[in-house]
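Residues per chain are reported as follows:
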Amino acid sequence: AQAGVREIEVIVDVARAERDRRATLLERGAIRRTEFDTVHREYRVAQARLEAAKQRFALVDAEARRDERMQAEAEVSRAKAQIAEAEAMLAKTYI
């Protein structure tokens, strides 16, 4: 359970680094504000997913019922898929 949380923490770190990089580009006028806003929103979504995963796994660690554990794992999988989709969109962004 904790491994899933750690993985999402890494995803948040990557999203934070990308947001910071885009902030620098925005300050230099190299990208549009809307592009930065998209990256910033994706970072905030990743943070929210991490918090949700932490809360779910806290329940799992407290000997949660099997269905609660499966639901938490499904949420983590959905969050990972959304992060992967966001990263793919970022990779296609031209500067």
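In case you missed it, the structure is sitting above this.
First, a word on scope: everything that follows refers to the structure included in this document. Computed from a predicted structure; not experimentally measured.

Some details on the overall build of the chain
Across its full length, the chain holds 3 helices and 0 strands. Projected onto its principal axes, the C-alpha positions of the chain cover 50 × 20 × 15 Å. Considering the chain as a whole, with its 95 residues, one finds that 31% of them fall into the buried category. Surface accessibility of the chain: about 6,400 Å² in total, with carbon and sulfur atoms responsible for 50%. Looking at charge distribution, the chain has the averaged site of its 19 positive side-chain charges lying 3 Å from that of its 18 negative ones.

Remarks on the pattern of salt bridges
Going through the model one piece at a time under the given rule, you end up with 9 salt bridges. Residue Glu-18 pairs with Arg-21 through a salt bridge whose shortest N-O separation is 2.7 Å. In this pair, Glu-18 and Arg-21 are both assigned in helix 1 (residues 2-27), 3 residues apart and thus about one turn of the helix distant. According to the relative accessible area criterion, Glu-18 is buried, its value standing at 16%.

A look at the packing of aromatic side chains
Summed over the entire model, instances satisfying the criterion amount to 0 aromatic pairs. The cationic tip of Arg-19 hangs over the ring face of Tyr-43; the distance from NZ or CZ to the ring centre is 4.3 Å.

Observations regarding the nonpolar core
By size, the foremost hydrophobic cluster in this structure holds 12 residues: Val-5, Ile-8, Ile-11, Val-12, Ala-15, Tyr-43, Ala-46, Leu-50, Ala-53, Phe-57, Val-76 and Ile-83. Ignoring any residue separated from it by four or fewer positions in sequence, one finds Ile-83 in contact with Ile-11 and Ala-46.

Focus on helix 3 (residues 66-91)
When the terminal C-alpha atoms of helix 3 are compared, their 37 Å separation across 26 residues agrees well with the 38 Å that a helix rising 1.5 Å per residue should span. Buried within helix 3 we find Ala-72, Glu-75, Val-76, Ala-79, Ile-83, Ala-86 and Leu-90.

Let's talk about empty space enclosed by the protein
Per the counting criterion, the structure on display carries 1 cavity of 30 Å³ or more. Estimated volume of the largest cavity: approximately 40 Å³. Forming the walls of the largest cavity are Ile-8, Arg-49, Ala-52, Ala-53, Glu-75, Val-76 and Ala-79. Mapped onto the lining of the largest cavity, the elements with two or more residues apiece are helix 2 (33-61) and helix 3.

A look at the packing of helix 1 against helix 3
Look at helix 1 against helix 3: their axes get within 11 Å of each other, and the N-to-C directions meet at 25°. Here helix 1 is positioned roughly parallel relative to helix 3, judged by the angle of their axes. As for how helix 1 packs across helix 3, the hand of that crossing is left-handed. Between helix 1 and helix 3, the residues in contact are Glu-7, Ile-8, Ile-11, Val-14, Glu-18 and Arg-22 and Val-76, Lys-80, Ile-83, Glu-87 and Leu-90, respectively.

Cut-offs and rules
Residues numbered from 1 in each chain as written. Predicted model: local features only at pLDDT ≥ 70, side-chain atom pairs only at ≥ 80, totals over all residues. Heavy atoms only, no water. Helix = DSSP H or I, 4+ residues; strand = E, 2+ residues; numbered from the N terminus. Buried < 20%, exposed > 50% of the residue type's maximum accessible area, 1.4 Å probe, protein only. Areas by Shrake-Rupley, 256 points an atom, 1.4 Å probe, with all protein chains shown as cover. Lys, Arg positive; Asp, Glu negative; His and termini not counted. Charge placed at Lys NZ, Arg CZ, Asp CG, Glu CD. Salt bridge = Lys/Arg side-chain N within 4 Å of Asp/Glu carboxyl O. Phe/Tyr/Trp six-rings, centres within 6.5 Å; stacked < 30°, edge-to-face > 60°. Lys NZ or Arg CZ within 6 Å of the ring centre and 35° of its normal. Core = buried A, V, L, I, M, F, W, Y, C linked by side-chain atoms within 4.5 Å. Contact = heavy atoms within 4.5 Å. Expected span 1.5 Å × (residues − 1). 1 Å grid on protein atoms, 1.4 Å probe; cavity = no way out; pocket = protein on both sides within 12 Å on 5 of 7 lines; lining within 4 Å. Points joined across faces, edges and corners; volume = space filled by probe spheres on them. Axes fitted to C-alpha atoms, helices over the stretch in contact; angles between N-to-C directions. Parallel < 35°, antiparallel > 145°, perpendicular 65-115°, else oblique. Left-handed = near helix turned anticlockwise from the far one by under 90°.

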